[in-house]
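Here's the letter readout for the chains.
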Amino acid sequence: TKWINRNREAVYDTHGGPFKQTDEIGSTYKDEYIYLHLRKPVSTLRINSLEGYQITKAFDLSTGKRIKIQRKNHLIFAGLGERTTNTCHCLKAR
């Protein structure tokens, strides 16, 4: 499908997780990358930070556009602007 072709990096040779799947997001990971699969349109994504990992950057996998992230306590906020479902975003962690 078009979605898989656009986001193949987030699908093939990845593992499920590290975030628990919800009605809003799913996630996969490979090496230092975490891929968030959005199921519902959101303008700001709020996720719990991962113990032992620091998110260093975020970007839209399809366009390469950087996504601004903010940290507050144990939460990470990503400002996505207007989004549709079936969008994949990448978080680079170390």
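Whatever comes next refers back to the structure up there.
These remarks concern the structure in this document. Source: prediction; values computed, not measured.

Describing the environment of Asn48
Mapping Asn48 onto the fold places it in strand 4 (residues 44-48). Using a relative accessible area of 51% as the deciding quantity, one classes Asn48 as exposed. In this structure, Asn48 is in contact with Phe19, His74 and Leu75, ignoring residues within four places of it in sequence.

Observations concerning the sheet that holds strand 7 (residues 75-79)
Strand order in the open sheet formed by three strands is 4-7-6, with antiparallel pairing between adjacent strands. The sheet is open, and its two borders are formed by strand 4 and strand 6 (68-72), each paired with just one other strand. Neighbour-to-neighbour, the strand axes of the sheet open up by a mean angle of 20°, direction not taken into account. Two strands pair when backbone bridges link them, and strand 6 and strand 7 are joined in this way by five bridges, in the antiparallel orientation. Bridged to Lys72 within strand 7 is Leu75.

A short note on the pairing of strand 7
Remember that side chains alternate between the two faces of the sheet whenever the strand is regular. Only one face of strand 7 is buried, namely the one carrying Ile76 and Ala78, since none of Leu75, Phe77 and Gly79 on the opposite face is buried. The turn joining strand 6 and strand 7, which pair antiparallel and follow one another in sequence, is formed by two residues; a positive phi near 55° is taken by Asn73.

What about the environment of Arg46?
Turning to its location among the elements, Arg46 is positioned in strand 4. As a C-alpha pair, Arg46 and Leu75 span 29 residues in sequence and 6.7 Å in three-dimensional space. Excluding anything up to four places from it in sequence, Arg46 contacts Leu75, Ile76 and Phe77.

Points about the side chain of Thr14
With respect to the helices, strands and loops of the structure, Thr14 is situated in the loop between helix 1 (2-6) and strand 1 (15-16). Accessibility expressed as a relative area gives 18% for Thr14, which makes it buried. A distance of 2.9 Å separates a polar side-chain atom of Thr14 from the backbone oxygen of Val11. Not counting residues up to four positions away in its chain, the partners in contact with Thr14 are Glu9, Thr28, Tyr29, Lys30 and Tyr35.

How each quantity is defined
- Starting afresh in each chain, residues are numbered from 1 along the sequence in its written order.
- Local features are withheld for residues below a pLDDT of 70 in this predicted model, meaning they are given only at 70 or higher, and side-chain atom pairs are given and counted only at 80 or more; totals for whole chains, interfaces and linings count all residues.
- Hydrogen atoms and water are omitted, and side-chain values are computed over all heavy atoms in the structure.
- Put simply, DSSP marks the helices as runs of H or I at least four residues long and the strands as runs of E at least two long, and each gets a number from the N terminus on.
- Burial here depends on accessible area, computed with a 1.4 Å probe over protein chains only, as a share of the maximum for the residue type. Under 20% is buried, over 50% is exposed, and the range in between is partly exposed.
- In what follows, a contact means two residues having at least one pair of non-hydrogen atoms within 4.5 Å.
- DSSP-based pairing: two strands are paired if at least 2 bridges between them are found.
- To obtain an axis, a line is fitted to C-alpha atoms, over the contacting stretch when the element is a helix, and the angle between two such axes runs from 0 to 180 degrees between their N-to-C directions.
- Polar contact is the term for a pair of N or O atoms within 3.5 Å; when the atoms are in protein, one must be able to donate a hydrogen and the other to accept it, and sequence-neighboring residues count only if both atoms are side-chain atoms.

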